[in-house]
Amino acid sequence: MAAAVVGAVALPASADDHHHGRQYRPAVYISDVQYDSPGRDDRSNRSLNAEWVELTNDSRRAVNLDGWTLSDEDGHTYTFDHYRLNGRATVRVHTGIGRDTRTDVYQDRRAYVWDNGSDTATLRNDRDRFVDEVSWGYDRDRHGDDRHRGDGHRGDGWRHGGGHRGDGWRHSGDHRDGHRD
C-alpha cells in the first residue's frame with residue numbers, strides 16, 4: 001500500500017516539473033539532417049543516399065518503429081516496416097536505394113526529398129501522433145509563429161559534431177539552414 005501512495009505522489013510532482021520550465025524530450029527524436037547532399041545534385045543513387053535524416057533513441061530500451069513515419073512538407077513519407085531501434089542507438093534514413101541494416105535504412109527513391117531552401121522533417125509514431133520535427137531555412141520574423149512543436153532539447157546555436165549543416169536550421173524551434181534544386 002505504501003508503494004501505491006509513493007507512486008501517486010511522485011507522478012504529480014514530475015508533471016508539475018514539466019510545466020515549470022522542464023522540457024520533455026521523446027525517447028526517439030530527429031538528431032541530425034543532411035538535406036543537401038555534398039557535391040553536385042546529379043540524382044545519382046550515391047548523391048541521393050548522401051541526403052539523410054538521423055533518428056536517435058536516447059532511452060535504454062529498444063523502440064519498435066514499425067508503422068512510424070518520417071515526412072517532408074510536400075507529403076513525401078517514409079514508413080518504417082518491421083524496424084526496431086535499439087536503446088542508445090541511431091539510425092540514418094537515406095533517400096536513395098539501398099539494403100536496410102541496423103544503422104541505415106533506405107527510402108528507395110529516385111529523386112531528392114529534402115528541400116535545400118527550406119523544409120521540415122516530421123516524425124510521427126504508428127498512431128500518427130507527433131513525435132518530433134526539425135526545420136531549416138525559415139526566418140522566424142517573417143513567419144510569426146515558430147511552427148515547431150518538438151521537444152526543444154537542442155536550444156539555440158546547437159551544432160552537430162562534424163560541422164555538417166550548422167547554420168540556419170531549427171530543431172524544434174531553434175535555427176539552422178536549407179535543399180532541393
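The structure reproduced in this document is the subject of the present report.

1. With respect to the pattern of salt bridges
Working step 1: For the structure on display, the rule yields 2 salt bridges.
Working step 2: Notably, a salt bridge pairs Asp 128 with Arg 124, separated by 3.9 Å at the nearest N-O pair.
Working step 3: Overall, the relative accessible area of 51% leaves Asp 128 in the exposed class.

2. Quick notes on the nonpolar core
Working step 1: Counting residues in each nonpolar core, the largest one holds 24 residues, and the members touching the most others are Val 28, Ile 30, Leu 55, Leu 65, Trp 68, Phe 80 and Trp 114.
Working step 2: If near-sequence neighbours (up to four positions away) are discounted, Val 28 is found in contact with Leu 55, Thr 56, Asn 57, Val 63, Leu 65, Trp 68, Leu 85, Leu 123 and Val 131.

3. Description of the side chain of Thr 56
Working step 1: For Thr 56, the location among the structural elements is in strand β2 (residues 52–57).
Working step 2: For Thr 56, a relative accessible area of 10% corresponds to the buried category.
Working step 3: One polar contact links Thr 56 to Ser 31, side chain to side chain, over a distance of 2.6 Å.
Working step 4: Polar contacts involving the side chain of Thr 56 include one to the side chain of Thr 90, which spans 2.9 Å.
Working step 5: Apart from the residues within four sequence positions on either side, Thr 56 is in contact with Ala 27, Val 28, Tyr 29, Ser 31, Leu 85, Ala 89 and Thr 90.

4. Examining the packing of aromatic side chains
Working step 1: Within the structure shown, the criterion is met by 4 aromatic pairs.
Working step 2: With centroids separated by 4.6 Å and ring planes inclined at 10°, the aromatic side chains of Tyr 35 and Trp 136 adopt a geometry described as stacked. A residue pair is termed long-range when its members are at least 10 positions apart, and Tyr 35 in the loop between β1 (28–34) and α2 (45–49) and Trp 136 in strand β11 (residues 130–136) qualify at 101 residues. Here Tyr 35 matches Trp 136 in class, with each residue buried.
Working step 3: Taking 5.9 Å as the distance between ring centres and 40° as the angle between the ring planes, the aromatic pair formed by Phe 80 and Tyr 83 counts as tilted. Neither residue differs from the other here; Phe 80 and Tyr 83 are each classed as buried.
Working step 4: An aromatic cluster of three or more residues is present, and its members are Tyr 35, Trp 114 and Trp 136.

5. Description of unusual backbone geometry
Working step 1: Even without being a glycine, Arg 43 presents a positive backbone phi close to 65°.
Working step 2: Inspection of the secondary structure puts Arg 43 in the loop between β1 and α2.
Working step 3: Residue Arg 88 is not a glycine yet carries a positive backbone phi of 55°.
Working step 4: Counting through the fold element by element, Arg 88 comes out in the loop between β6 (84–85) and β7 (89–94).

About the cut-offs
Residues numbered from 1 in each chain as written. Predicted model: local features only at pLDDT ≥ 70, side-chain atom pairs only at ≥ 80, totals over all residues. Heavy atoms only, no water. Salt bridge = Lys/Arg side-chain N within 4 Å of Asp/Glu carboxyl O. Buried < 20%, exposed > 50% of the residue type's maximum accessible area, 1.4 Å probe, protein only. Core = buried A, V, L, I, M, F, W, Y, C linked by side-chain atoms within 4.5 Å. Contact = heavy atoms within 4.5 Å. Helix = DSSP H or I, 4+ residues; strand = E, 2+ residues; numbered from the N terminus. Polar contact = N/O pair within 3.5 Å; in protein donor to acceptor, adjacent residues only side chain to side chain. Phe/Tyr/Trp six-rings, centres within 6.5 Å; stacked < 30°, edge-to-face > 60°.

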